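Summary of the model geometry
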Amino acid sequence: MINVSKPFIPDLQEYIQYLEGIWDKGWLTNNGPLVNELELQLKNFLQTPHLLYVTNGTIALQLAIKALRLTGEIITTPFSYVATTSSIAWEGYQPVLVDINPHDYNIDPSKIEAAITEKTSAILATHVYGNPCDIDEIDRIAKKHNLKVIYDAAHCFGTLYKGKSIFAYGDVSTASFHTTKIYHTVEGGAVIAKDPEVLKTMAYMRNFGHDGRVDFAGLGINGKNSELHAAFGLANLKHIDEILLNRKEQYADYSKKLENHKAAKLAVNKHADFNCSYFPLLFDNEALLLKSIAELAEQHVVPRRYFYPSLNSLPYIKKYHTPVADEIASRILCLPLFHKLQKEEISMICRILLRVQQYS
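Residues numbered from 1 in each chain as written. Predicted model: local features only at pLDDT ≥ 70, side-chain atom pairs only at ≥ 80, totals over all residues. Heavy atoms only, no water.

1. Some words on the overall build of the protein
- Per the secondary structure count, the protein includes 11 helices and 15 strands.
- Expected size for 360 residues packed as a compact globule is a radius of gyration near 21 Å; at 21 Å, the protein falls within 12% of this value.
- Sorting the 360 residues of the protein into buried and exposed places 56% on the buried side.
- Partitioning the contacts of the protein with sequence separation of at least 6, the portion at a separation of at least 24 is 70%.
- Total accessible area computed for the protein in this model is approximately 16000 Å², and 53% of it derives from carbon and sulfur atoms.
- If the 37 positive side-chain charges of the protein are averaged to one point and the 39 negative ones to another, these points end up 2 Å apart. (Helix = DSSP H or I, 4+ residues; strand = E, 2+ residues; numbered from the N terminus. Rg over C-alpha atoms; globule rule 2.2 N^0.38 Å. Buried < 20%, exposed > 50% of the residue type's maximum accessible area, 1.4 Å probe, protein only. Contact = heavy atoms within 4.5 Å. Areas by Shrake-Rupley, 256 points an atom, 1.4 Å probe, with all protein chains shown as cover. Lys, Arg positive; Asp, Glu negative; His and termini not counted. Charge placed at Lys NZ, Arg CZ, Asp CG, Glu CD.)

What follows is the structure, encoded as structure tokens:
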């Protein structure tokens, strides 16, 4: 079976070395030494001065929303994983969906201002597939209207924008270190903030609001992560340069082999050093997409319809006019992409897709 993703797993002995230290200390969670070490190494790798390691990427979004003291309406995208929208609704705010660009699948800045009302407090934009949004235009709009900006950068580990880490932008950026991501800690995530005071607020929030053993700085939740997860993250981080390089080579291989396929390819931001997190294809129609999925399944290949359906279809939020996102969601398919995917497997997948196109 060739699934759409398969987690990178370090050599068992690398992980065991960390486990032995955990066993010796008897320190399993509550901001342990490995969590602190991972935060330091991530800050160095991601070129950001402020970072907190948290439970997952969803908690990261919820902490960002709370720490920025948002109110009312938050403008966001209908084309992302459900956590982007559900985090807003879960915190009691109104997600306002703005349609996407038909080429890079990110929120379309030209449509944001029309959605701003007196209740709008922020823009929460996803860098879809690890491909940066139009950051400059989003930030310009936010400054003009005095709005906060949160970037859901769940797919972005290793992506640069204008030579800087993608996590350097916005008031807060969030990361996911879920096992499906290029870099993972099995479960995990991070919040990155420009303002150290915002990060300090989130540091309290992720630990129930504790300020010492008996005092509380404010309202909080359990957003911590464990030494066991941090250990896995430290082991994986040793391999990240190799992982990113290999992913780019695989992406280039797909691109070359599918250059005669009519499906549209992702338009990568010209200012980005793209991490090649996903390889999406936008088919001419849904029928061809479904036929391609069926033919791939015959060879035990399992791509995924990221992201289908459009978040505009969620039953617990208000509906908005997002025809581009709705249409793209029905025609887009992400092909298998993971560290140990073989060139022969990529060739086989591409041959199937080209054959389906030829006889359709």
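Right, picking up where we left off after that structure.
2. Observations regarding the packing of helix 8 (residues 240–257) against helix 11 (residues 343–358)
- Closest axis-to-axis distance for the helix 8/helix 11 pair is 10 Å, and the angle between their directions is 30 degrees. Classified by the interaxial angle, the pair formed by helix 8 and helix 11 is roughly parallel. In this structure, the crossing between helix 8 and helix 11 has a hand that is right-handed. Each of Q250, D253, Y254 and K257 in helix 8 lies in contact with helix 11, whose residues at this interface are K343, I346, S347, I349, C350 and L354. (Axes fitted to C-alpha atoms, helices over the stretch in contact; angles between N-to-C directions. Parallel < 35°, antiparallel > 145°, perpendicular 65-115°, else oblique. Left-handed = near helix turned anticlockwise from the far one by under 90°.)

3. Concerning the packing of aromatic side chains
- Counting across every chain of the model gives 18 aromatic pairs.
- Here F45 and F157 contribute two aromatic rings whose centre-to-centre distance is 5.4 Å and whose plane-to-plane angle is 10 degrees, an arrangement assigned as stacked. Pair noted here: F45 is in helix 2 (residues 33–46) and F157 is in the loop between strand 6 (148–152) and strand 7 (160–161), with a separation of 112 residues, a long-range link.
- On the basis of relative accessible area, F45 is assigned to the partly exposed category, the value being 26%.
- Here F157 falls in the buried class, since its relative accessible area comes to 5%.
- Between the NZ or CZ atom of K164 and the centre of the ring of Y169, over which it lies, the distance is 5.1 Å.
- Across from the ring centre of Y308, 3.7 Å away, lies the NZ or CZ of R305, which sits over that ring. (Phe/Tyr/Trp six-rings, centres within 6.5 Å; stacked < 30°, edge-to-face > 60°. Lys NZ or Arg CZ within 6 Å of the ring centre and 35° of its normal.)

4. Description of the environment of I293
- Here I293 lies in helix 9 (residues 286–298).
- With relative accessibility at 24%, the residue I293 sits in the partly exposed group.
- In the structure, I293 is positioned 84 residues away from G209 in sequence and 47 Å away in space, judged by C-alpha atoms.
- When near neighbours in sequence (up to four residues on either side) are disregarded, I293 contacts P303, R305 and L333.

5. With respect to unusual backbone geometry
- Cis geometry marks the peptide bond from Y306 to F307, where omega comes out at 5 degrees.
- Looking at the element boundaries, F307 is found in the loop between strand 14 (301–302) and helix 10 (323–331).
- For the bond running from Y308 to P309, omega is -5 degrees, close enough to zero to count as cis.
- With a phi close to 55 degrees, N146 is a non-glycine residue in the positive phi region.
- A positive phi angle, near 60 degrees, is found at H300, a position not held by glycine.
- Looking at the secondary structure, you find H300 in the loop between helix 9 and strand 14.

6. Regarding the packing of helix 3 (residues 57–67) against helix 4 (residues 82–90)
- Contact pair helix 3 / helix 4: the axes reach a minimum separation of 9 Å and the direction vectors enclose 45 degrees. By the angle between their directions, the pair helix 3 and helix 4 is classed as oblique. Both helix 3 and helix 4 take part in a crossing whose hand is right-handed. Contact with helix 3, carried on its side by T58, L61, Q62 and I65, involves A83, T84, S87, I88 and W90 of helix 4 and no other residues of that element.

7. Some details on the pattern of salt bridges
- Across all of its chains, the model carries 12 salt bridges by this definition.
- Notably, a salt bridge pairs R140 with E113, separated by 3.7 Å at the nearest N-O pair. Of the two residues, R140 sits in helix 5 (residues 135–144) while E113 sits in the loop between strand 4 (94–97) and strand 5 (120–126), which places them 27 residues apart along the sequence.
- For R140, a relative accessible area of 37% puts it in the partly exposed group.
- For E113, a relative accessible area of 28% gives the class partly exposed.
- In this structure, the salt-bridge partner of K257 is D253, at a minimum N-O distance of 2.5 Å. (Salt bridge = Lys/Arg side-chain N within 4 Å of Asp/Glu carboxyl O.)

8. Describing the pairing of strand 9 (residues 172–176)
- Judged by how many residues are buried, strand 9 sits mostly within the fold: five of five residues are covered.
- Sheet topology places strand 6 next to strand 9; three bridges connect them, and they run parallel. In the strand pairing of strand 9, I150 is matched with V172.
- One ladder, built from five bridges, connects strand 9 with strand 10 (residues 189–193); its direction is antiparallel. Paired with A175 across the bridge in strand 10 is A190. (Pairing = 2+ DSSP bridges.)

9. Thoughts on the sheet that holds strand 4
- Strands sit in the order 2-10-9-6-5-3-4 across an open sheet of seven strands; the sheet is mixed. One side of each edge strand has no neighbouring strand; the edge strands of this open sheet are strand 2 (51–54) and strand 4. On average, adjacent strands in this sheet sit at an angle of 20 degrees to one another, irrespective of strand direction.
- Where helix 6 (residues 196–205) meets the sheet, it contacts strand 2, strand 9 and strand 10, and its direction lies at approximately 150 degrees from that of strand 10.

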